[in-house]
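# What the coordinates show
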Amino acid sequence: MIFLVGFMGSGKSTVAKELGKQLAMPVIEMDEAIEEEEGMTIKTLFEKFGESYFREKETTFLKTIKADSVVSTGGGIVEREENEIPLSTGKVVYLQASWETIVERLQQDTTRPLWNGDDEQKKKRFENRQGKYERVADETVVVDGKDSDQIVSEIIHRLKG
Ligand SMILES: Nc1ncnc2c1ncn2[C@@H]1O[C@H](COP(=O)(O)OP(=O)(O)O)[C@@H](O)[C@H]1O
Ligand SMILES: O=C(O)C1=C[C@@H](OP(=O)(O)O)[C@@H](O)[C@H](O)C1
Ligand SMILES: [Mg+2]
């Protein structure tokens, strides 16, 4: 199992697809799976039931993953300490992006419920999570200025070595 972790916009969903292809492993996109189970978008789910409801679903789903796969987690997977147990059953790869990269990529984004409010609030969330990603990571890959092919190659190289 390979878990990709990192802040919103670090490229987990994009990289997971490519990495799965290259390694011929199934890809599990946690947000998509939760959207299917709940029959609504993450955005609507947050609006209707709030963040803690989503976190429950996220933790429950994470625990059910059994197949050897590439898992694209949501950026908030590190918000609950109990998620560290299922994460520790696989290799955790942290896609580390700078604040500038995140802002550039998510400037126009309206789909992520926690990518809202003023910049200071968003940056606080970003800074608060850095140590948490580092804590769960087996490997850290800096993504700034790299395309997904480069990132995928680097992940494969790291996991081999
Ligand atoms: N290596 C990359 N270089 C430039 N843009 C990227 C890269 N990886 C992803 N993106 C773009 O950044 C945005 C967020 O990517 P996404 O894979 O959804 O991240 P995450 O799942 O970590 O939130 C998307 O618009 C995506 O096309
Ligand atoms: O960082 C977060 O708390 C979240 C990140 C999102 O996934 P991405 O990291 O793929 O954007 C999604 O799970 C939800 O909107 C909450
Ligand atoms: Mg994603």
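Residues numbered from 1 in each chain as written. Chains lettered and ligands numbered in written order. Predicted model: local features only at pLDDT ≥ 70, side-chain atom pairs only at ≥ 80, totals over all residues. Heavy atoms only, no water.

## Some remarks on helix α3 (residues 42-49)
Ile-42, Leu-45 and Phe-46 are the residues of α3 that are buried. Along the axis of α3, the buried residues cluster in a sector spanning 100°; they form a single face. Within α3, the exposed residues directed more than 90 degrees away from the buried face are Glu-47 and Lys-48. Where α3 terminates, the next one or two residues include Gly-50, which has phi positive at roughly 90°. (Buried < 20%, exposed > 50% of the residue type's maximum accessible area, 1.4 Å probe, protein only. Helix = DSSP H or I, 4+ residues; strand = E, 2+ residues; numbered from the N terminus. Arc of directions from axis to C-beta.)

## Comments concerning the UniProt feature "binding site: substrate" (unreviewed entry) in the protein
In the UniProt entry, the feature "binding site: substrate" (unreviewed entry) is given for Asp-31, Arg-55, Gly-75 and Arg-129. Here Gly-75 lies in the loop between β3 (70-72) and α5 (84-87). Overall, Gly-75 belongs to the buried group, its relative accessible area being 9%. Other than its neighbours up to four places away in sequence, Gly-75 contacts Gly-6, Met-8, Lys-12, Arg-129 and Tyr-133. Of the residues examined, Arg-129 reaches a relative accessible area of 1% and is grouped as buried. Excluding its chain neighbours within four sequence positions, the residues that come into contact with Arg-129 are Phe-7, Met-8, Arg-55, Gly-75, Gly-76, Val-78, Glu-79 and Leu-114. (UniProt positions renumbered as here; feature names shortened; annotations may be inferred. Contact = heavy atoms within 4.5 Å.)

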